[in-house]
Structures are given as C-alpha cells and as structure tokens.
Amino acid sequence: MILFENEIERRRRRFEAGLGDAKGIVLVGCGSPTSTPGGLDQTYPFIAHPEYYWLTGSRRPDAVIAFDSESGWTHFVTPVSASERLWQGDTVAPVGRPLHELQAWLEQHGTGRKALLGQWQNRGSGDIEFTEFAQQKLDAARRPKDDAEVQMLGAAIRATAAGHARASEFVRPGVTERAVQIELEAAMFRAGADHMGYDSIVGSGYRSSVLHGHPSARVLANDEFVLVDAGGSVNGYTADITRTLCTGKMSPRHQQIYDIVFAAEIAGIDASRAGVEWHAVHRVCAEVIAQGLVDLKILVGSAENLAESGAVSVFFPHGVGHLLGLGVRDVGGRAPGRAPGRQCCGASVRVDLPLEQGFIMTVEPGLYFVDAILDLPENRTKYRGDIRWDELQNWRGIGGVRIEDNILITPTGPPEVLSAEIPK
Ligand code: GLY
Ligand code: MN
Ligand code: MN
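Remember, predicted model here, so these are calculated numbers, not experimental data.

## Focus on the overall build of the chain
Here's step 1: Each helix and strand counted, the chain has 13 helices and 18 strands in total.
Here's step 2: A globule of 424 residues ought to have a C-alpha radius of gyration of about 22 Å, and the chain, at 24 Å, matches this closely.
Here's step 3: Across its three principal axes, the chain shows a C-alpha extent of roughly 70 × 50 × 45 Å.
Here's step 4: A total of 424 residues make up the chain; the buried ones form 52% of that total.
Here's step 5: Considering only residue pairs separated by 6 or more positions, the chain has 70% of its internal contacts joining residues 24 or more positions apart.
Here's step 6: Surface accessibility of the chain: about 18,900 Å² in total, with carbon and sulfur atoms responsible for 53%.
Here's step 7: Averaged over its 42 positive side-chain charges, the chain has a centre that lies 2 Å from the centre of its 53 negative ones.

Structural data, given as structure tokens:
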C-alpha cells in the first residue's frame with residue numbers, strides 16, 4: 001500500500017524510540033491461515049496480525065518482521081508460489097528474505113534476549129520479561145493513530161455512513177432484521193468498504209437489548225426500537241457505529257429512553273480529552289444514565305452513588321468504548337503497573353489508561369432492559385433499595401438503546417467526532 005511507505009518508516013522509528021537502549025531481538029509474526037474443521041483445503045478468512053501489518057503494511061501470511069537492536073530491521077517473507085498464482089491470481093509478496101532463512105539468521109543474531117510478538121505457529125519461546133517489555137512499547141507506539149490511519153478510518157466511516165443512511169431509510173414495519181442487514185451492508189460496499197469490520201448487529205423490539213445480537217428473520221413491528229451496530233472496513237481499518245432507530249415515529253416512552261442515552265453520549269464525548277482517564281469517561285456516562293433512570297423513577301438515590309455502587313450497571317452493563325483502528329478492538333490495555341480487570345461503576349471497562357492525542361475511540365453508552373439481568377437473584381438482593389422493581393415492570397420488553405460514535409482525541413479541548421455526519 002503505497003500510501004503507507006513513509007508512515008512505515010516513522011512507525012518503526014517510534015517503536016525503536018520506545019525500546020530505547022534495550023538490547024535484544026523482537027520478532028513480530030503475521031500468522032498463518034487456519035483450516036476450517038473438515039474443510040479440506042478451506043481456511044477461515046485470514047487476518048494479518050495487526051502488530052505485523054502496522055510495522056510492514058503487508059497482510060500476506062507466513063512472514064516475520066525482525067528487529068535487532070544491533071543490526072536493525074529484516075523482513076522474512078514467503079515467496080509467491082505457482083499454485084497461488086493459479087488459484088488466487090496476481091499475488092505480490094513484500095521484498096524480503098525467504099522465511100526459511102529466519103532460523104539461521106536467529107542463530108547468528110539471536111544470542112541475547114528475544115521477544116515474540118504478533119501471531120505465530122509453533123512460536124517456540126521468547127524471553128518472558130523482554131516480550132512483555134516489547135509488547136508494552138509496541139502497544140504504546142500503536143495507540144495514537146498516524147495520518148495514514150486517520151485517512152483509512154475516514155474512508156471506512158464514509159462507507160459506514162452510507163450504510164446507516166440506507167438502514168434508516170429502509171427500516172419500517174414488515175421488513176426483517178436480515179433485510180435491514182442486507183441493505184446496509186450493500187450500501188457500505190457500494191460506498192467503498194472492502195469488508196465488514198465485524199458481524200453486523202441488527203436487533204428489533206426486545207432484541208434491541210441483545211448487546212451483540214445477530215440479525216434474525218424477525219419481522220419488525222410498529223413502534224419499536226431497531227438497534228443497528230455495523231461498520232465497514234477499508235484496508236483493515238474499521239468504523240464501529242451504532243444508531244438506534246424506531247419503526248414509525250418514536251413514541252414518548254421510547255423517546256425518554258433514547259434521550260437519556262443521547263445525553264450520556266454527548267457528555268461522554270465532551271469528556272474525552274487528552275489526559276482524562278477512560279474510566280472517568282465511563283463514569284460521566286454512567287452518572288447521566290443513572291440520573292435519567294432516577295427521573296423515570298426506576299432508580300432511587302443520587303446519580304453519583306448509583307454509579308459508584310454499580311446499580312446503574314444493571315441497565316448499562318458494558319464499558320463505554322474502546323480504541324478503534326486496525327480491527328474493531330484496536331490495542332487496548334491498561335497503563336503499566338495497573339492490575340487487570342479493574343471495574344468501573346459495576347462494569348468491566350476494557351481500556352484502563354489516560355487518553356492521549358491521536359487515539360481514536362468509540363463512545364457508546366447504552367441503556368437496556370434485559371430480563372436475564374433484571375431477574376438475577378443477586379441483583380435483586382444487592383440493589384434491593386436502589387431499584388424500584390415494581391416500576392420496572394412497565395419498561396420490560398422495550399429493549400434497549402445504544403448510540404456509538406468514533407472520535408479522535410485532540411491535543412486540547414473536546415475530540416473531533418469523525419462520524420458526526422451520521423444522524424442520531
Ligand atoms: N460493534 C461491537 C461493539 O461496539 O463493541
Ligand atoms: Mn459497535
Ligand atoms: Mn464498539
């Protein structure tokens with residue numbers, strides 16, 4: 001990908017700068033296709049490991065990029081075979097040494113510490129501490145997006161906008177969730193997506209509360225939510241956008257729920273600034289949702305306490321978002337020294353670090369009425385005094401709302417909303 005050529009050099013320099021004076025070898029594998037069970041010569045769609053792709057601009061499997069603190073970068077690749085040309089047509093391998101020379105190269109160079117990153121088959125073992133160190137440095141280098149990546153995301157978001165526009169035009173009583181999926185995906189491909197970034201989510205009525213619900217043959221009825229979470233991808237960079245639509249004009253009941261999530265999303269976006277902890281953004285959204293539920297007389301107490309105790313997580317059970325870029329879950333993680341799995345407001349929030357300029361994040365608060373969660377005996381006990389269980393009966397079955405945008409963290413002030421053109 002020509003566009004990437006200078007960027008690749010800059011990325012490698014950025015990673016090297018992170019390693020500092022540390023001595024050793026870092027090997028980053030692209031991975032290999034995986035056969036489908038019983039599928040004879042069939043494989044699952046191959047996705048190059050993002051760490052390798054980011055450092056090389058190549059998505060061809062069975063390759064390794066090696067960095068030696070003494071001698072610099074060496075690329076090991078698999079030459080294109082005649083059989084590949086026969087079955088797949090024109091295929092280009094990046095410039096590099098044949099992969100079978102890696103072993104001899106390692107024997108020559110790899111006398112010190114070795115870190116293994118990316119994806120490997122039969123990866124053998126590296127030095128655990130040095131691998132952890134190199135992983136941290138590569139993650140840190142990959143989190144802020146460079147110009148080429150922002151452009152790719154921009155292209156993916158434009159294609160995605162076309163799909164969501166088509167969905168909002170098409171959604172009506174009488175069509176199925178599957179038909180909505182077909183329409184929106186076709187529109188994304190027509191507008192330049194080369195793949196879908198993830199399995200599209202279309203959930204109508206009660207099914208709008210299924211967080212990752214696959215489109216079914218269910219026929220949309222009048223006066224119900226239709227949650228559409230779908231993103232096209234371009235060169236491996238994917239958008240991740242959710243809009244919650246309604247069949248017909250939104251009823252006051254639906255509007256009340258929608259408005260709470262809308263307010264939470266606006267507040268969450270505004271809070272997403274360089275230096276702010278991602279958990280703090282989650283808390284901002286959780287408190288807006290808690291206050292909305294207090295106003296609806298579903299929760300009782302102060303928004304701060306209801307967020308802190310986790311009561312709000314009965315309705316907002318997932319993290320407020322994640323890094324986005326190469327794949328729908330781009331490098332996430334936590335700041336060095338933090339324990340894994342720290343919760344916030346009762347939810348597991350994948351990302352546990354302060355935001356930096358150049359991060360592309362999703363902001364995606366949601367509010368759902370899920371029978372399986374509402375009926376959990378432990379929730380009934382733990383939140384006995386926080387939730388008005390009688391009032392809740394009036395809301396069951398309505399489903400849920402999520403609104404998700406993609407934002408770029410700026411040096412100061414609020415973020416740039418990359419998906420601002422998609423109506424909500
Ligand atoms: N599209 C899946 C998610 O937003 O997490
Ligand atoms: Mn999503
Ligand atoms: Mn998302």
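## A few points about the pairing of strand E7 (residues 201–204)
Here's step 1: Side chains Ile201 and Gly203 project from E7 onto one buried face, and the interleaved Val202 and Ser204 project onto a second face that is buried too.
Here's step 2: Where E7 meets strand E8 (residues 225–230), 4 bridges bridge the pair, whose relative direction is antiparallel. Directly across from Ser204, in E8, lies its bridge partner Val226.

## Brief notes about the site of ligand 1
Here's step 1: In the vicinity of ligand 1, the residues found are Tyr198, His212, Asp229, Asp240, His322, Arg329, Glu364 and Glu404.
Here's step 2: In the model, a nitrogen atom of ligand 1 is placed 3.1 Å from a nitrogen or oxygen of the Asp229 side chain.
Here's step 3: Within the contact set of ligand 1, an oxygen atom lies 3.3 Å away from a side-chain nitrogen or oxygen of Glu404.
Here's step 4: In isolation ligand 1 has 200 Å² of accessible area, and contact with the protein removes 93% of it.
Here's step 5: Tallied by class, the residues present in the shell around ligand 1 amount to 1 nonpolar, 2 polar and 5 charged.

## Description of the coordination of the manganese ion (ligand 2)
Here's step 1: Protein-derived ligands of the manganese ion (ligand 2) are Asp229 (OD), Asp229 (OD), Asp240 (OD) and Glu404 (OE), with the metal-ligand distances lying across 2.1 to 2.4 Å.
Here's step 2: One can describe the donor arrangement at the manganese ion (ligand 2) as irregular, given that its 6 donor atoms subtend angles of 56 to 172° at the metal.
Here's step 3: Of note, the manganese ion (ligand 2) draws all its donor residues from one chain, in the sequence arrangement D-x10-D-x163-E.
Here's step 4: The distance between the manganese ion (ligand 2) and the manganese ion (ligand 3) is 3.3 Å, with Asp240 acting as a donor to both metals. Taken together, the residues Asp229 in strand E8 and Glu404 in the loop between strand E16 (400–402) and strand E17 (405–408) connect sequence positions 175 residues apart.

## Comments concerning the coordination of the manganese ion (ligand 3)
Here's step 1: Asp240 (OD), His322 (NE2), Glu364 (OE) and Glu404 (OE) make up the full set of protein donors to the manganese ion (ligand 3), lying at 2.1 to 2.2 Å.
Here's step 2: All donors of the manganese ion (ligand 3) belong to a single chain; written as a sequence motif, their spacing is D-x81-H-x41-E-x39-E.

## Side note on the environment of Ile269
Here's step 1: Relative to the helices and strands, Ile269 is located in helix H8 (residues 252–271).
Here's step 2: Spatially, the C-alpha atom of Ile269 lies 50 Å from that of Leu86, the residues being 183 residues apart in sequence.
Here's step 3: When sequence neighbours within four positions are dropped, the list of residues in contact with Ile269 reads Val363, Asp405, Ile407, Pro415, Val417 and Lys424.

## Here's the deal with the sheet that holds strand E11 (residues 241–246)
Here's step 1: Strand order in the open sheet formed by 3 strands is E7-E8-E11, with antiparallel pairing between adjacent strands. Either end of the sheet is taken by a strand with one partner, and the two such strands are E7 and E11. On average, adjacent strands in this sheet sit at an angle of 10° to one another, irrespective of strand direction.

## What to know about the nonpolar core
Here's step 1: By size, the foremost hydrophobic cluster in this structure holds 54 residues, and its most contacted members are Ile257, Trp278, Phe315, Leu367 and Phe369.
Here's step 2: Here this core gets 8 residues from one element, more than from any other, and that element is helix H9 (residues 278–295).
Here's step 3: If sequence neighbours within four positions are ignored, Trp278 has contacts with Ser272, Val320, Gly321, His322, Val349, Val351, Leu353, Leu355, Met361, Thr362 and Val363.
Here's step 4: In this structure, Phe15, Val26, Cys30 and Ala239 belong to the second largest nonpolar core, which totals 39 residues.

## So, the packing of helix H6 (residues 147–170) against helix H7 (residues 177–190)
Here's step 1: Contact geometry of H6 with H7 gives a least axis separation of 7 Å together with a crossing angle of 145°. Between H6 and H7 lies a crossing of right-handed hand. Two secondary-structure elements touch here, H6 through Ala159, Thr160, Ala162, Gly163, His164, Arg166, Ala167 and Phe170 and H7 through Ala179, Val180, Glu183, Leu184, Ala187 and Met188.
Here's step 2: Partitioning the contact of H6 with H7 into residue classes produces 9 nonpolar, 3 polar and 2 charged.

Criteria and cut-off values
Residues numbered from 1 in each chain as written. Chains lettered and ligands numbered in written order. Predicted model: local features only at pLDDT ≥ 70, side-chain atom pairs only at ≥ 80, totals over all residues. Heavy atoms only, no water. Helix = DSSP H or I, 4+ residues; strand = E, 2+ residues; numbered from the N terminus. Rg over C-alpha atoms; globule rule 2.2 N^0.38 Å. Buried < 20%, exposed > 50% of the residue type's maximum accessible area, 1.4 Å probe, protein only. Contact = heavy atoms within 4.5 Å. Areas by Shrake-Rupley, 256 points an atom, 1.4 Å probe, with all protein chains shown as cover. Lys, Arg positive; Asp, Glu negative; His and termini not counted. Charge placed at Lys NZ, Arg CZ, Asp CG, Glu CD. Pairing = 2+ DSSP bridges. Near = heavy atom within 4 Å. Polar contact = N/O pair within 3.5 Å; in protein donor to acceptor, adjacent residues only side chain to side chain. Nonpolar A, V, L, I, M, F, W, Y, C, P; charged D, E, K, R; others polar. Donors = N, O, S within 2.8 Å, 3.2 Å for Na, K, Ca; no water. Tetrahedral: all angles 85-135°; square planar, octahedral: opposite > 155°, others 65-115°. Axes fitted to C-alpha atoms, helices over the stretch in contact; angles between N-to-C directions. Core = buried A, V, L, I, M, F, W, Y, C linked by side-chain atoms within 4.5 Å. Left-handed = near helix turned anticlockwise from the far one by under 90°.

Just geometry here; none of it tells us what the structure is for.
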